[in-house]
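For reference, the chains in residue letters:
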Amino acid sequence: MNDFLLIFRTDYNTMPKASPEEMQASTKRWMDWLGGIAAQNKLTDRGNRLVPTGKVLKPGNVIADGPYTEIKESIVGYSIVKADSIEDATELANGCPILRIGGNVEIREISIL
Amino acid sequence: MKQAELIPHLFRTEYRKLVSVLCKLFGIEHIEIAEDIASDTFLVASELWGLKGLPENPTAWLYTVAKNKTKDYLKRDSIFAQNVSKHLQPNATTSEEIEIDLSVKNINDSQLAMIFVVCHPCNPAEAQIGLALNLLCGFGVEEIANAFLTNKDNIYKRLQRAKEKLRAEKIKIESPTLSEINVRLPTVLMTLYLLFNEGYYSSNQDITLRKDLCLEAMRLAYLLIDNEPMNKPSANALLSLMCFHSSRFDSRLNQNGEIILYQDQDTNLWNQELIAKGEYFLNQASQGDSISKYHLEAGIAYWHTIKADTKEKWKSILQLYNHLLVNEYSPIAALNRTYALAKVNGKKEAIIEAEKINLADHHLYHCLLGELYTGLDNAKAISHLQHAFTLAKSAADKMLISNKILGCKQQEP
Amino acid sequence: MENYMLLFRGSDVYQPGQSTEAFQALKQEMIHWLGDLSKKGAHVASDPLQPTGKQVSGAKKTVTDGPFGEAKEIIGGCTVIQAKDIHEAVEIAKSCPILASNANIEVRPIQKL
């Protein structure tokens, strides 16, 4: 089994403003999905969600306000899963709630430093 | 209380106090001397009380005898006396002023210090539980052997090794500092949790002994939270969990010590007082922003104290299992989560998830699938239950499963 | 102390046609840098990534082969660090050897649950 990083992306600009109830429902959907992966003993690290803002450090000591905007979908969070192959890891990504709101999941195998 | 009952009772409550105070006084290298003095004190009591009748204040009498025995020991053995006085005051040369303090405060401090010694991570969990029963709960080797379903020899060796390890590591018996509490409390809580589980989930048929283990674990957890620096949310959550679980103690086992499943329990036997205590400690546990696995397990246990089979109940349980699993995988949590999922989203969805969880060599996995297929595809349900039957090890488990198979067959048209 | 995620993008060594020596040299420098961070207690976790991967997108769950976007936008790896605020996190990011290879670093605060 290898570790795969799942990177969740969506366009912050098209993300609908959620009410507290919707936020709660969304958290539940994420936990249902992660709980299902964890029940298969395939969750290495639940990972994190990121605050929408940040900084970008570019060559030549240029600091810009983040998130990184060269592509319209920003990274909203990540998790690390265990799988036998990238296909299996992709299968685990299938139920991710980010897909419901037009986002995407990038699946990348983690290499050993 | 009659004399015949009094000595065993005092042994349970006072032996551990004497051992703790004397251990703390002598230092880790002389644990055995502390145990000998405490045992001797009770030996004298059982001889003299039988002849002369009970003293006016038996506990005070025990303390006085223990003090005198300690002083005699110090007089007789000057090397030991020197060691002890060095332990108390590194520069001291005489043992004249050694005072044996059996005040409530010192007893309390000594017991707390001993909890942290006994639950020191230098020993494996099993050895920590054995030491806890021996030194903190006054259990003899035979009782511990019964609790672990093994022989006296094994336990004796295990305890000796564990004590030797504490000596080799020169573990100090002292009140932990605030920063030590933060680092070491999780290990202490884990040992108490395992001690409780040893009683609660054991396949031992001795119900009294199992209850005793649970009560001792609860007493030690209470000792912790009764002391402000250790009164942490996680400790309260653990005690809450223990209260909720033990509230069902009388309903979950029949007279033969066999398990009665949750849905078949007589809810009149649920102990409402313990449920109320569990709620109290769960409230205490929610002060602070950290959530331990004991919080999650106490939350699940709380929902199980509510009889009505509502959607809300199972939705909450499902979320708690999600959190539990995301923090730390365990096969039992994976199976229970899937059961909760069936209650919330229906059996069909739960079957799809169950088939992914890959625990095919676990009898409970096939019990779960048997349960999920019942009513949808009884032939499949029966085949899973039969598989579970062959995998189950204990007679009690096999009995439960064969009853289920029977129930399932009766549903066939 | 707060946790921040550093996302490394666009390093020259990840571009097609780069020598393995350059890649190995950067890898060694990164290991040293992470080791220093660990000594300071600022390092939480690191995940270097394999260059290829997959992506699942949208409600239709379309699976495509990666990597995605312009070469400059590909994430090479990520590290979670501990810092007292975003400014300190940016300062730590500035000391990262990957910047010398024309990379940029996105610095994102991690959302508390």
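Conventions and cut-offs
- Residues numbered from 1 in each chain as written.
- Chains lettered and ligands numbered in written order.
- Predicted model: local features only at pLDDT ≥ 70, side-chain atom pairs only at ≥ 80, totals over all residues.
- Heavy atoms only, no water.
- Helix = DSSP H or I, 4+ residues; strand = E, 2+ residues; numbered from the N terminus.
- Expected span 1.5 Å × (residues − 1).
- Buried < 20%, exposed > 50% of the residue type's maximum accessible area, 1.4 Å probe, protein only.
- Pairing = 2+ DSSP bridges.
- Contact = heavy atoms within 4.5 Å.
- Buried area = accessible area lost by both parts, 1.4 Å probe.
- Salt bridge = Lys/Arg side-chain N within 4 Å of Asp/Glu carboxyl O.
- Polar contact = N/O pair within 3.5 Å; in protein donor to acceptor, adjacent residues only side chain to side chain.
- Nonpolar A, V, L, I, M, F, W, Y, C, P; charged D, E, K, R; others polar.
- Axes fitted to C-alpha atoms, helices over the stretch in contact; angles between N-to-C directions.
- Left-handed = near helix turned anticlockwise from the far one by under 90°.

(A) Structural view of helix α6 (residues 125–136) of chain B. Residue and element names in this part refer to chain B. With 12 residues, α6 extends 15 Å from end C-alpha to end C-alpha; this agrees with the ideal 16 Å at 1.5 Å per step. Considered for burial, the residues of α6 that qualify are Ala127, Gln128, Ile129, Gly130, Leu131, Ala132, Leu133, Asn134, Leu135 and Leu136. Two residues or fewer after α6 comes glycine 138, characterised by a positive phi angle close to 65°.

(B) Structural view of the pairing of strand β3 (residues 62–65) of chain C. Relative to β3(C), strand β2 (residues 43–57) of chain C runs antiparallel, the two sharing 4 bridges. In the strand pairing of β3(C), Gln55(C) is matched with Thr64(C).

(C) Quick look at the arrangement of the chains. By number of contacts, the leading pair among the 2 pairs of chains in contact is chains A and C. At the C-alpha level, the nearest point of chain B lies 10 Å from chain C, with no contact between them.

(D) Layout of the interface of chain B and chain A. The interface of chain B with chain A comprises 13 residues on the first partner and 12 residues on the second. Roughly 1,200 Å² of surface becomes buried between chain B and chain A when both sides are summed, with 60% attributable to carbon and sulfur atoms. In this assembly, chain B and chain A are joined by 0 salt bridges. Connecting chain B to chain A are 4 residue pairs in polar contact (both at pLDDT 80 or more). Every element with two or more residues in the side of chain B that touches chain A is listed here: α15 (311–327), α16 (331–345) and α17 (347–356) of chain B. If you tally residues by element for the side of chain B that touches chain A, the top one is α15(B), at 7 residues. A per-class count over the side of chain B that touches chain A returns 6 nonpolar, 4 polar and 3 charged.

(E) Representation of the interface of chain A and chain C. Tallying the contact residues gives 44 residues for chain A and 44 residues for chain C. Around 4,000 Å² of area is buried between chain A and chain C when both sides are counted, 63% of it from carbon and sulfur atoms. Inspection of the chain A/chain C interface yields 1 salt bridge. Two residues, Glu87(A) and Lys54(C), come together in a salt bridge whose shortest N-O distance is 4.0 Å. Counting across the chain A and chain C interface gives 20 residue pairs in polar contact (both at pLDDT 80 or more). Counting only elements with at least two residues in the side of chain A that touches chain C, the list comes to β1 (2–10), β2 (43–49), β3 (54–58), β5 (74–83), α2 (86–93) and β6 (104–110) of chain A.

(F) View of unusual backbone geometry. Residue and element names in this part refer to chain A. Here glycine 66 and proline 67 are connected by a cis peptide whose omega angle stands at 5°. Along the chain, the position of proline 67 falls in the loop between β4 (62–66) and β5. Backbone geometry places asparagine 41, a non-glycine residue, at a positive phi of 55°. Considering the arrangement of structural elements, one finds asparagine 41 in the loop between α1 (20–39) and β2.

(G) Fine view of the packing of helix α1 (residues 3–26) of chain B against helix α3 (residues 58–76) of chain B. Residue and element names in this part refer to chain B. Relative orientation of the contacting elements α1 and α3 amounts to 35°, with a least axis distance of 11 Å. For α1 against α3, the interelement crossing comes out right-handed. Contacts between α1 and α3 pair Leu6, Leu10, Glu14, Lys17, Leu18, Leu22 and Phe26 from the former with Pro58, Thr59, Leu62, Tyr63, Ala66 and Thr70 from the latter. The residue makeup of the contact of α1 with α3, split by class, is 9 nonpolar, 2 polar and 2 charged.

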